[in-house]
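Residues per chain are reported as follows:
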Amino acid sequence: MHTNSKDWRYTVMPAVFTWLKETESGTVEIDLDATQKYAADILKVQGKGGTRMGGLVGSGTLGENSYLSSEQRLSLLQALSSVAKEYNVPLISGAAAETKEELAKIVTELATVGVDTVMVMPPKTKESPSDEEMYEYYALSATAAKEAGITIMPYNNPDAAGYHALSTALLTRLAALPEVTALKISTIDVSVIETMMLENKDLKVLAGVDTVTVHAGLAGACGGITGVGCIFPKASVTMQEHVNKGEWAEANKISQAMNSISYLDAQPLLLEYLKYAFGIHHNDTTGGLRTFGKKLTQQQIDDVHTRYIKAKERLEILGLID
C-alpha cells in the first residue's frame with residue numbers, strides 16, 4: 001500500500017490504544033492481535049479528500065505506556081511494527097529517562113523492534129536541567145538514533161504535570177540536529193509554535209493536543225498526533241486535509257463538532273477518558289478496552305458518555321462517521 005502524502009509529517013497520526021485481555025489465571029495482559037487489528041482499521045480509513053493517517057504512534061500515553069514493563073512495551077511495538085510496514089507508514093513511540101545514557105539505550109532498543117521515530121520526552125528528574133544539560137540529553141539520543149538508523153522527535157509537553165518545558169530557543173536549536181525529523185508540541189498555547197515558525201519557517205512541527213489542531217495549523221504546524229482520531233478517524237483525517245489546504249472555515253466546522261470530546265485530550269486523565277470513550281464507540285468498556293489506569297467515578301463516566309454522544313451526533317450531520 002502507498003501513503004497518500006509525499007511527507008508523512010503533513011498528516012495526522014493516531015496515538016493508538018492498547019487492547020487488554022484477561023488470562024485463564026485472571027491476570028490482565030496485552031491483546032496483541034486485537035491491538036494490531038484496530039490499528040490497521042484506523043489506518044484504512046480515508047478522509048473525504050482521499051488521504052489516510054500518515055503514521056502510527058504506539059505505546060504512548062494513550063497506549064498505557066507508563067503502566068507497561070519494558071518487555072511488554074517492546075513486544076507491543078514489535079507487533080505494531082508489522083502493521084506500520086503493511087500500510088507503509090512510520091512507527092513512532094516515546095521515550096524518557098533520568099539520564100542521557102539511559103535514554104540512548106532506550107532509543108537503541110526501540111529501533112530493534114521496528115520503531116522509526118522516537119518521541120523524546122524531557123528527562124524524568126525532579127529538578128529542571130539547564131538548557132545546555134537538556135541539549136546534551138537530546139544530542140546523545142540523536143547520536144544513538146543515527147547509529148541505529150532512525151530519527152527522533154523532541155517532545156515538548158509544558159501543560160503536562162511532571163514534565164519540564166523546553167524553551168523555544170532550545171527547541172529551535174534541537175531542530176537543527178540532522179536526526180531530528182520534527183518537533184512535537186503538546187500545548188494549548190499555540191503561540192509557542194508561531195514563535196518558532198517566525199524564526200525558522202522550515203521547521204516541521206506536529207501538534208499534540210486535539211483541541212488546537214486548527215489553531216496549530218494556522219500557527220504553522222504541518223501535522224499532528226491525535227487521540228480523538230482513533231475514535232473518529234474520518235473526521236480527524238478530513239480536518240487535517242482542510243488544514244493543509246488552508247480551508248480554515250471547513251476545518252473549524254469539524255473541530256467544533258469534535259470539541260466536546262477533544263476537550264478530554266487536554267486533561268490529566270486523557271488515557272482513562274479517551275479509552276472509555278473508545279470503549280463506548282466499540283461497545284466494549286470493560287473487556288479489551290479496560291485500562292491499567294485509574295478507575296473513573298460515575299460522574300466522570302457520565303461526562304465522557306455525554307461528550308461522546310454529542311460529538312458523534314454532530315459528526316453524523318457532517319457525514320464524518322466511518
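A brief look at the structure comes next.

### Some remarks on the overall build of the protein
Helix and strand counts for the protein stand at 11 helices and 10 strands. Taken over C-alpha atoms, the radius of gyration comes to 18 Å for the protein, in line with the 20 Å a tight globule of 322 residues would show. For the protein, the spread of C-alpha atoms along the three principal axes comes to 55 × 50 × 40 Å. Per-residue burial over the protein gives 54% buried out of 322 residues.

### Side note on the side chain of D210
On the secondary structure map, D210 appears in the loop between β9 (205–207) and α7 (213–219). Beyond its immediate stretch of four places on either side in the chain, D210 contacts T226, G227, V228, S262 and D265.

### A look at helix α6 (residues 191–199)
Within the sequence span of α6, burial applies to V192, I193, M196 and M197. Viewed end-on, α6 has its buried residues packed into an arc of 125°, placing them on one side of the element. Structural note: α6 exposes L198 and E199 on the side pointing more than 90 degrees away from its buried face. The inward-facing, buried residues of α6 contact α5 (168–175), β8 (183–185), β9 and α7.

### Quick word on the sheet that holds β8
A sheet is described by the order of its strands in space; here eight strands give the open sequence β1-β10-β9-β8-β7-β6-β5-β4, paired in parallel fashion. Unpaired on one side and paired on the other, β1 (12–14) and β4 (56–57) mark the two borders of the sheet. Running over the sheet, helix α4 (residues 131–148) touches β6 (117–120) and β7 (151–156) and is turned about 155° from β7.

Calculation criteria
- Residues numbered from 1 in each chain as written.
- Predicted model: local features only at pLDDT ≥ 70, side-chain atom pairs only at ≥ 80, totals over all residues.
- Heavy atoms only, no water.
- Helix = DSSP H or I, 4+ residues; strand = E, 2+ residues; numbered from the N terminus.
- Rg over C-alpha atoms; globule rule 2.2 N^0.38 Å.
- Buried < 20%, exposed > 50% of the residue type's maximum accessible area, 1.4 Å probe, protein only.
- Contact = heavy atoms within 4.5 Å.
- Arc of directions from axis to C-beta.
- Pairing = 2+ DSSP bridges.
- Axes fitted to C-alpha atoms, helices over the stretch in contact; angles between N-to-C directions.

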